[in-house]
Amino acid sequence: MKRDRKPSAQTLSLLGVLLEQPRAWHHGYDICMATRIKSGTLYPILMRLSDRGLLEHKWQESQEPGRPPRHVYRLTASGATYAGADRRQRLGV
């Protein structure tokens, strides 16, 4: 039996930030700063959304020598549809 729950306020905030530029890659730290969600909450949400096929993720090499690669995220087409539909529903459109 599949449970459908409403997304949390943190998930909605995260989706809202990603929906502003749905095809752009976003670093986890930048998402943290934009949403003010603590990393211990943010990264599990990112993993769940990735597992559901709503986000893509990859490692991106650093532009600065000696710095480790960083994980980046962006909405998939179904993720953008999900985030847009949820936003319209909340706005009553």
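Our subject in this report is the structure included herewith. Everything numeric in this text was worked out from a predicted model, so none of it was measured. (Residues numbered from 1 in each chain as written. Predicted model: local features only at pLDDT ≥ 70, side-chain atom pairs only at ≥ 80, totals over all residues. Heavy atoms only, no water.)

**Quick notes on the overall build of the protein chain**
Alright, step 1. Within the protein chain one finds 4 helices and 3 strands.
Alright, step 2. Secondary structure elements in the protein chain, listed N-terminal to C-terminal, are α-β-α-α-β-β-α.
Alright, step 3. Within the span of the protein chain, comprising 93 residues, buried residues form 33% of the whole. (Helix = DSSP H or I, 4+ residues; strand = E, 2+ residues; numbered from the N terminus. Buried < 20%, exposed > 50% of the residue type's maximum accessible area, 1.4 Å probe, protein only.)

**Re the sheet that holds strand β2 (residues 55-60)**
Alright, step 1. Read across the sheet, 3 strands follow the order β1-β3-β2 without closing on themselves; strand pairing throughout is antiparallel. In this open sheet, the two edge strands, each paired with only one partner strand, are β1 (26-27) and β2.
Alright, step 2. As judged from the 2 bridges shared by β1 and strand β3 (residues 70-75), these two strands associate in the antiparallel manner. Residue His 27 lies in a different strand from β3, and its bridge partner there is Val 72. (Pairing = 2+ DSSP bridges.)

**Focus on the side chain of His 27**
Alright, step 1. Within the secondary structure, His 27 sits in strand β1.
Alright, step 2. In terms of polar contacts, His 27 uses its side chain to reach the side chain of Gln 60, at 2.9 Å.
Alright, step 3. Residues in contact with His 27, not counting those within four places in the same chain, are Gln 60, Arg 70, His 71 and Val 72. (Polar contact = N/O pair within 3.5 Å; in protein donor to acceptor, adjacent residues only side chain to side chain. Contact = heavy atoms within 4.5 Å.)

**Re the environment of Arg 23**
Alright, step 1. For Arg 23, the location among the structural elements is in the loop between α1 (9-20) and β1.
Alright, step 2. Residues Arg 23 and Ala 80, 57 residues apart in the sequence, show an inter-C-alpha distance of 9.0 Å.
Alright, step 3. Apart from residues lying up to four places away in sequence, Arg 23 is in contact with Glu 56, Arg 74, Leu 75, Thr 76 and Ala 77.
Alright, step 4. A polar side-chain atom of Arg 23 sits 2.8 Å from the main-chain carbonyl oxygen of Leu 75.

**What to know about the nonpolar core**
Alright, step 1. In this structure, Leu 14, Ile 31, Leu 42, Leu 46, Leu 49 and Leu 55 are the most contacted members of the largest nonpolar core, which totals 16 residues.
Alright, step 2. Of all the elements in the fold, those that place two or more residues in this core are α1, α2 (28-35), α3 (39-51) and β3.
Alright, step 3. When near neighbours in sequence (up to four residues on either side) are disregarded, Leu 14 contacts Ile 31, Thr 35, Leu 42, Ile 45, Leu 46 and Leu 49. (Core = buried A, V, L, I, M, F, W, Y, C linked by side-chain atoms within 4.5 Å.)

**Quick look at α3**
Alright, step 1. The end-to-end C-alpha separation of α3 is 18 Å, in line with the 18 Å expected for 13 residues at 1.5 Å each.
Alright, step 2. Considered for burial, the residues of α3 that qualify are Leu 42, Ile 45, Leu 46, Leu 49 and Ser 50. On an axial view of α3, the arc spanned by its buried residues comes to 135 degrees, and they lie on one face. Across from the buried face of α3, at angles greater than 90 degrees, the exposed residues are Gly 40, Met 47 and Asp 51.
Alright, step 3. Of the surrounding elements, those touching the buried residues of α3 are α1, α2, β2 and β3.
Alright, step 4. Within two residues after α3, Gly 53 carries a phi angle of roughly 80 degrees, on the positive side. (Expected span 1.5 Å × (residues − 1). Arc of directions from axis to C-beta.)

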